[in-house]
Amino acid sequence: MYTNILICGKNELELTKNEFKILFTLIKNKGKITKIILIFFNITNSLDISNFYGKDFTDLVISKYLGDINNLPYILNTQIFYISALEYVILLDSKTEYNILLSELENRSSIITKSEIVINENKVIVKAKVGCVASSAVEDKNVSNVISKGFDTLKLACSYNYTLDYAIYHKIDDEVDYSASELNIDLDIDLDKYKSKLR
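Each chain carries its own residue numbering, running from 1 in the written order of its sequence. The model is predicted, so local features are restricted to residues of pLDDT at least 70 and side-chain atom pairs to those at 80 or more, both for listing and for counting; the totals for chains, interfaces and linings are taken over all residues. Only hydrogens and water are removed before side-chain values are computed, so all heavy atoms of the structure are retained for them.

Visitor: For this particular structure, what's the right way to read the packing of aromatic side chains?
Guide: Aromatic ring pairs are described here by two measures, namely the spacing of the ring centres and the angle between the planes. Planes of paired rings set the category: under 30 degrees apart is stacked, over 60 is edge-to-face and the rest tilted, where pairs are Phe, Tyr or Trp rings (Trp by its six-membered ring) whose centres lie within 6.5 Å. Inspection of every chain in the model, using the stated rule, returns 6 aromatic pairs. With a centroid separation of 4.5 Å and an interplanar angle of 50°, the aromatic rings of F40 and F151 are classed as tilted. One end of the pair, F40, is in strand 2 (residues 37-43); the other, F151, is in helix 5 (residues 143-157), and 111 residues separate them in sequence. For the exposure calls, accessible area comes from a 1.4 Å probe over protein chains only, and a residue counts as buried if that area is under 20% of its type's maximum, exposed if over 50%, partly exposed in between. Given a relative accessible area of 0%, F40 falls into the buried group. On the accessibility criterion, F151 (5% relative accessible area) is buried. Geometrically, the ring pair formed by Y82 and Y88 is edge-to-face, given 5.6 Å between the ring centres and 80° between the ring planes. Every member of this aromatic cluster is reached through a ring pair, and the members are F41, Y65, Y82 and Y88. Going along the chain from the N terminus, every DSSP run of H or I of four or more residues is numbered as a helix, and every run of E of two or more is numbered as a strand.

Next up, the structure:
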């Protein structure tokens, strides 16, 4: 279902140097870095579920939740990698798979961000935040940098004031300097005559 490759029990959005090496190796063995797409997700209400139902029941819920994700048609050929009790990452290498996932996220139909799990007639909603990064969107395609951008994107999605359940990394275009004269803006204009109209 998912592969436990990293240190258990971590809750911070950081990987140690050794953990970076492990994920680096996985990505490197999977193929060219230009094709790698990382889908990070953080289960945001695991503690609430645990407080209400207990740890053992919560483990069953999370296990079924991950199983449902793993059975998605566009996830079937990949794996879900364990980062911590709350965080996981999916490695995709197909733009088609990525586009399907993005469409579901935008339409709020993704079972990654919200899923109803039924165990022994108990219905539990699992919620998660998602951070997506495609290496093709990252200028410096060093694997560690791509991973770092993924964690930054997940951190944004988990931010208190961020309103969406997901964030997607986009390359920041170079800043362009515009001159006022090129835009036909006269900075010497006397604005006093307009003040009366504002009162």
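There's plenty left to go through after this.
Visitor: How should I be thinking about the pairing of strand 4 (residues 87-92) in this particular structure?
Guide: A regular strand carries its side chains on alternate faces of the sheet. By the criterion of burial, strand 4 is predominantly enclosed, with 6 of the 6 residues buried. Burial along strand 4 is two-sided: E87, V89 and L91 facing one way and Y88, I90 and L92 facing the other are all buried. Bridge count between strand 2 and strand 4: 6 bridges; the pairing is antiparallel. When the sheet's bridge partners are listed, I39 is paired in strand 4 with I90. DSSP-based pairing: two strands are paired if at least 2 bridges between them are found. Bridge count for strand 3 (residues 80-82) against strand 4 is 3 bridges, and the pairing is antiparallel. Of the residues in strand 4, the one forming a bridge with F81 is V89. Between strand 3 and strand 4, which pair antiparallel and follow one another directly, the connecting turn spans 4 residues.

Visitor: Can you walk me through the side chain of E97 in this structure?
Guide: Tracing the backbone through its elements, the reader meets E97 in helix 4 (residues 95-106). A residue is classified by how much of its surface remains accessible, and E97, at 16% relative accessible area, is buried. Beyond its immediate chain neighbours, meaning those up to four positions away, E97 contacts Y74 and L92. Here, residues are in contact when the closest pair of their heavy atoms is within 4.5 Å.

Visitor: Looking at this structure, I do not really get helix 3 (residues 55-70). What am I missing?
Guide: Residues that lie three or four places apart on an α-helix share one face, since the helix turns once every 3.6 residues. Compared with the 22 Å implied by 1.5 Å per residue over 16 residues, the 22 Å span of helix 3 between its first and last C-alpha is a close match. For helix 3, the set of buried residues is F57, T58, V61, I62, Y65, L66, G67, I69 and N70. Here the expected span of a helix is defined as 1.5 Å times the quantity of residues minus one.

Visitor: Which parts of the structure should I look at to understand unusual backbone geometry?
Guide: Apart from glycine, the bulk of residues carry a negative phi angle, and the bulk of peptide bonds sit in the trans form. Residue N120 is not a glycine yet carries a positive backbone phi of 50°. As for its placement among the helices and strands, N120 is situated in the loop between strand 5 (114-119) and strand 6 (122-134). At E121, a residue that is not glycine, the phi angle is positive and equals roughly 65°. Mapping E121 onto the fold places it in the loop between strand 5 and strand 6.

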